[in-house]
Amino acid sequence: MLFAISFLKAIFATMSELLRIEFIDDNFTVEKSEAYQLLIHWGKVWSQLSILDEDNRLLLLLSWQKNQEEDRVKQLLSLGYRLVKIVYDNENILLIPNYLYTSSQDIHYLNMLCLDREHYRLCSHTLNNLSIQCLFTISNEEVNYLGQYFSIDEIKSKSAILIDTLSKLIDDKTSFLSINFNEGTAEYTYFKDKKLIYHNLQPTANADEFNYFLLAISRQLDIDLSSIPIYVSGKISKTHVYYQRMIKYNADIIFFDSSQLLNQSSYTNAEALISNPILMSLLCE
């Protein structure tokens, strides 16, 4: 216990700009890690992890800047856990119906993405609620780094997790557009008549670029922005310039909160995860 206390004191005493502690529970101790579950959102610039105990109580939530030597993060990643789930911030994806997918064609899928086996690994993630395989790539450099702590089989696609979570809404809304905002990008997902029609990641450096892709996608897919439900999540608020652009086309924007899909009585402190819809979505699996 003394080691755990000193570890926590070290976090608070020497926390740098590369490490952000968003939440910590007094019950957290590294000595009990083998009873905990670890959820990680492995991002491009910032990554985030959460640790929950066997009773689904959130104990720790923190973010750290990638590619920086943070011993405290390394120590947390190196601990043994009861369950580990990692979501990778994929860029290159292919969505393929299950009846068309075969792993023997992986090299051709890589070629379609203009990538090679020398530098990238192709991974597959089955969507739970749709008969679709989500193929995504991880650079060998990332594979080697993550391999220090985890099995590659534990890594899931961010796109697949997001689509799976959104698909749970189709019983209520048969058609809708969803936009998940990240730092510098936005993920568009469109369901029509309970079928996944479109999912892609687009650059979003400023309001004009966001406006361009919003209108281009809606025109290409024949989406009436004024009448369709639009769900937004991630780094967005009513004061954000992107939100101000959206309400010009639809005055009833819905802020998607995946915690609504949870049995709230089974989780403690889960509301602290709302700012990261991906980590929250892992709890909804």
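Per chain, the residues get numbers from 1 upward, laid out in the order the sequence is written. Only residues with pLDDT of at least 70 get local features here, since the model is predicted, and only at 80 or more are side-chain atom pairs given and counted; chain-wide, interface and lining totals rely on the full set of residues. Calculated side-chain values reflect all of the structure's heavy atoms, with hydrogen atoms and water omitted.

## Examining the state of the cysteines
The bond known as a disulfide is covalent and runs between the sulfur atoms of two cysteines. Disulfides are defined in this document as cysteine sulfur pairs within 2.5 Å. Counted by the stated rule, this structure contains zero disulfides. Here Cys123 is not disulfide-linked; the sulfur of Cys134 is the nearest cysteine sulfur, at 10 Å. Remark: exposure states derive from per-residue accessible area (1.4 Å probe, protein chains only) relative to the maximum for the residue type, with buried under 20%, exposed over 50%, and partly exposed in between. Taking relative accessible area as the criterion, Cys134 reaches 0% and is therefore assigned buried.

## Quick look at the packing of aromatic side chains
Aromatic rings from Phe, Tyr and Trp, taking only the six-membered ring of Trp, are treated as a pair when their centres fall within 6.5 Å; an angle between ring planes under 30 degrees marks them as stacked, one over 60 as edge-to-face, and anything in between as tilted. With the rule as written, the count across this model stands at 14 aromatic pairs. Taken together, a centroid distance of 6.0 Å and an interplanar angle of 50° make the contact between Tyr149 and Phe150 tilted. The same class applies to Tyr149 as to Phe150, namely buried. Ring pairing ties together the aromatic residues Trp42, Trp64, Tyr145, Tyr149 and Phe150, which thus form one cluster.

## Looking at the pattern of salt bridges
Note on definitions: salt bridges are taken to be side-chain nitrogens of Lys or Arg within 4 Å of carboxyl oxygens of Asp or Glu. Applying the stated criterion to the full structure yields six salt bridges. Across the pair Lys158 and Glu187 runs a salt bridge, and its minimum N-O distance is 3.2 Å. Taken together, the residues Lys158 in helix H5 (residues 158-167) and Glu187 in strand E11 (residues 185-192) connect sequence positions 29 residues apart. Neither Lys158 nor Glu187 differs from the other in exposure class; each is buried. Here Asp208 and Arg245 are joined by a salt bridge, their closest N and O atoms 2.9 Å apart. Taken as a pair, Asp208 in helix H6 (residues 207-220) and Arg245 in helix H7 (residues 241-246) lie far apart in primary sequence, 37 residues in all. Asp208 sits in the exposed class, given a relative accessible area of 53%. Helix and strand definitions here come from DSSP, where helices need a minimum of 4 consecutive H or I residues and strands a minimum of 2 consecutive E residues; each element is numbered from the N-terminal end.

## Quick notes on H6
One less than the residue count of a helix, multiplied by 1.5 Å, gives the span that helix is expected to have. Between its first and last C-alpha, H6 extends 20 Å over 14 residues, near the 20 Å set by a 1.5 Å rise per residue. The set of residues buried in H6 consists of Ala207, Phe210, Asn211, Phe213, Leu214, Leu215, Ile217 and Ser218. In this analysis, two residues are considered to be in contact whenever any of their non-hydrogen atoms come within 4.5 Å of each other. In this structure, the buried residues of H6 make contact with strand E10 (176-181), E11, strand E12 (195-203) and H7. Measuring from the side-chain oxygen of the N-cap residue of H6 to the backbone nitrogen of Asp208 gives 3.2 Å; that N-cap residue is Asn206. Remark: Asp222 follows H6 within two positions and exhibits a positive phi of approximately 55°. Polar contact criterion, stated in full: a pair of N or O atoms within 3.5 Å, where within protein one must be able to donate a hydrogen and the other to accept it, and residues adjacent in sequence count only if both atoms are side-chain atoms.

## Quick word on the confidence of the model for the protein chain
A score from 0 to 100, pLDDT tells how confident the predictor is in each residue. Overall, the prediction assigns the protein chain a mean pLDDT of 87, with 93% of residues at 70 or greater. Per-residue pLDDT stays below 50 along residues 1-6; that stretch engages in six contacts with residues further than four places along the chain or on separate chains. Across residues 9-14 the pLDDT falls below 50, and counting only partners more than four positions away or on other chains, this stretch makes six contacts in the model.

## Section: unusual backbone geometry
Backbone geometry places Cys114, a non-glycine residue, at a positive phi of 60°. With respect to the helices and strands, the residue Cys114 is situated in the loop between helix H3 (106-112) and strand E7 (120-126). The phi dihedral of Asp193 falls on the positive side, at around 50°, and the residue is not glycine. Structurally, the position occupied by Asp193 is in the loop between E11 and E12.

## A closer look at the side chain of Gln133
Inspection of the secondary structure puts Gln133 in strand E8 (residues 132-139). Assessed through its relative accessible area of 9%, Gln133 is described here as buried. Of the polar contacts made by the side chain of Gln133, one reaches the side chain of Ser124; its length is 2.4 Å. Sequence-distant contacts of Gln133, that is, excluding residues within four places in its chain, are made with Leu94, Leu95, Ile96, Asn98, Tyr101, Ser124, His125 and Thr126.

## Concerning the sheet that holds strand E6 (residues 93-97)
Note on pairing: two strands pair once DSSP finds at least 2 bridges between them. Pairing is antiparallel across the open sheet formed by three strands, whose spatial order is E6-E8-E7. Of all strands in the sheet, those with a lone pairing partner are E6 and E7, marking the two edges. Put simply, the sheet's adjacent strands are angled 25° from each other on average, direction ignored. Every axis corresponds to a line fitted to the C-alpha atoms, with the helix fit spanning only the stretch in contact, and the corresponding angles, defined between N-to-C directions, vary from 0 to 180 degrees.

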